[in-house]
Amino acid sequence: LGRMKPVIVVHGGAGRIFKEREEGCRAGVVRAALRGYGVLKHGGSAVDAVEEAVQSMEDDPHFNAGCGSVLNEKGEVEMDAIIMDGKKLDSGAVSAVKCVANPIKLARLVMEKTKHMLLTDHGAHLFARAMGVPEIPGEKLVTERSRERWKKNLEPDSNPEEFQKDLGTVGAVAIDSEGNVACATSTGGLSNKLIGRVGDTACIGSGGYADNHSGATSTTGHGESIMKVVLARLILYHMEQGMSPEVAADTALDYMKTRVGGLGGVIVVNKAGEWAARFSTKQMSWATVKDDELLYGIHAGERHIKSVDEALASESEGF
């Protein structure tokens, strides 16, 4: 055992990241990647690692997932999440859930404690209660920024589409030392969306997909476009045809752009442990750890490199 070198890749959402939020987004994806890598280093599974990384970003108000999620038309938080294990293609997802701090944990419970793959809204709520998942007041998930944006979008001359550009779905993919891959994705969705709108995140093959035979991917961007091309599965299909993660990601993103005019971003790891973080939007916050080396960036072509030890040291000093 221990044949594979573990790898984790995370994203904090593709879109437009405003200057004043860049540092927080960078710090957030780095923290998530380091946490996920910590799990892998101690012999944890890929599924444990991606859940840990995504939970870290759900708890970070910089991202549109968990606390900090955008609000629907009624001013409420409704969240979607998915997790998938590449070993037997087991997956669990939740959609339109409220009053839960970590939808990704609920998605994992769906995967492990039910015979189903997707629970929604009221049913997901009842299941969470049955599983003893703590219920939190919806307001706890609402940040000042989300409320401001929601109000702005309600103005008669506003264009919510304009604000969709900084979406901030979060996700992670990993391969563990045994060669198992996994993915996890979580989001608050689109600002001012219709009540009950579910995007790509909770949909297997769109928001994420993991298969030990090829690899794992998590997506972010315009949900409806991602669903039209089944983006996550499309990338793995390209890798099955022999493409590298980077070429597969670019090919699929390019197809989504030309075919349906959709922009987005993806993170990918293949069964050999090669990874990619690619996007057709202006920005995407991402981070990865492989061989005890941390890489991260936000802008196209941006790549910072640190040793994990150095990163952990500055992490404990609070970035």
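All of these numbers come straight from a predicted model, not from anything done at the bench. (Residues numbered from 1 in each chain as written. Predicted model: local features only at pLDDT ≥ 70, side-chain atom pairs only at ≥ 80, totals over all residues. Heavy atoms only, no water.)

Q: Quick question: what am I supposed to make of the packing of helix α3 (residues 103-113) against helix α4 (residues 121-130) here?
A: How two helices sit against one another is set out by the angle between their axes and by the gap between those axes. Contact pair α3 / α4: the axes reach a minimum separation of 11 Å and the direction vectors enclose 80°. Our classification of the angle between α3 and α4 gives roughly perpendicular. Contacts between α3 and α4 involve Leu 106, Leu 109, Val 110 and Lys 113 from the former and Ala 124, Phe 127 and Ala 128 from the latter. For the contact of α3 with α4, a count of residues per class yields 6 nonpolar, no polar and 1 charged. (Axes fitted to C-alpha atoms, helices over the stretch in contact; angles between N-to-C directions. Helix = DSSP H or I, 4+ residues; strand = E, 2+ residues; numbered from the N terminus. Parallel < 35°, antiparallel > 145°, perpendicular 65-115°, else oblique. Contact = heavy atoms within 4.5 Å. Nonpolar A, V, L, I, M, F, W, Y, C, P; charged D, E, K, R; others polar.)

Q: Honestly, helix α8 (residues 231-240) in this entry has me stumped. Any pointers?
A: Because each turn of an α-helix spans 3.6 residues, side chains separated by three or four positions end up pointing in the same direction. The element α8 is largely enclosed, with a buried count of 7 among its 10 residues. When α8 is considered as a whole, its buried residues turn out to be Leu 231, Ala 232, Leu 234, Ile 235, Leu 236, His 238 and Met 239. Tucked into the core, α8 has its buried residues touching β7 (208-211), β8 (215-221), α7 (223-229), α9 (245-260) and β9 (264-270). In the stretch just after α8, Gly 242 is the one whose phi turns positive, near 105°. (Buried < 20%, exposed > 50% of the residue type's maximum accessible area, 1.4 Å probe, protein only.)

Q: How should the UniProt feature "binding site: substrate" (unreviewed entry) in the chain be read in this particular structure?
A: In the numbering adopted here, UniProt assigns the feature "binding site: substrate" (unreviewed entry) to Arg 197, Val 198, Gly 199, Asp 200, Thr 220, Gly 221, His 222 and Gly 223. Here Val 198 lies in the loop between β6 (181-187) and β7. Those residues within four positions of Val 198 in sequence are excluded, and the remaining contacts are Asp 80, Ser 95 and Met 227. Locating Gly 221 in the fold gives a position in strand β8. (UniProt positions renumbered as here; feature names shortened; annotations may be inferred.)

Q: Can you help me understand the packing of helix α2 (residues 46-58) against α3 in this one?
A: Where α2 meets α3, the closest approach of the two axes is 8 Å, and the angle between their N-to-C directions is 150°. Overall, the two elements α2 and α3 adopt an arrangement that is roughly antiparallel. For the pair α2 and α3, contact is made by Val 47, Asp 48, Glu 51, Val 54, Gln 55 and Glu 58 and by Pro 103, Ile 104, Lys 105, Arg 108 and Met 111, respectively. By residue class, the composition of the contact of α2 with α3 is 5 nonpolar, 1 polar and 5 charged.

Q: Honestly, the packing of aromatic side chains in this entry has me stumped. Any pointers?
A: Where two aromatic rings form a pair, the distance of their centres and the angle of their planes describe that pair. For the coordinates displayed, the defined rule picks out 1 aromatic pair. Judged by centre distance (5.6 Å) and plane angle (35°), the rings of Trp 275 and Trp 286 are tilted. Note that Trp 275 is positioned in strand β10 (residues 275-279) and Trp 286 in strand β11 (residues 283-290), a separation of 11 residues in sequence. In terms of burial, Trp 275 and Trp 286 fall into one category: buried. (Phe/Tyr/Trp six-rings, centres within 6.5 Å; stacked < 30°, edge-to-face > 60°.)

Q: Help me out: how do you make sense of the sheet that holds strand β5 (residues 170-175) in this one?
A: In a beta sheet, neighbouring strands are held together by backbone hydrogen bonds and run either parallel or antiparallel to one another. Read from one edge to the other, the open sheet built from 9 strands follows the order β4-β3-β2-β6-β5-β1-β11-β12-β13, with strand pairing classed as mixed. A strand with exactly one partner marks an edge of an open sheet, and here the two such strands are β4 (118-120) and β13 (304-307). In this sheet, adjacent strand axes meet at a mean angle of 10° when their direction is disregarded. One ladder, built from 5 bridges, connects strand β1 (residues 7-15) with β5; its direction is antiparallel. Bridge pairing links Val 10 to Ala 172 in β5. Sheet contacts for α4: β3 (90-97) and β4; angle to β4, the most-contacted strand, approximately 105°. (Pairing = 2+ DSSP bridges.)

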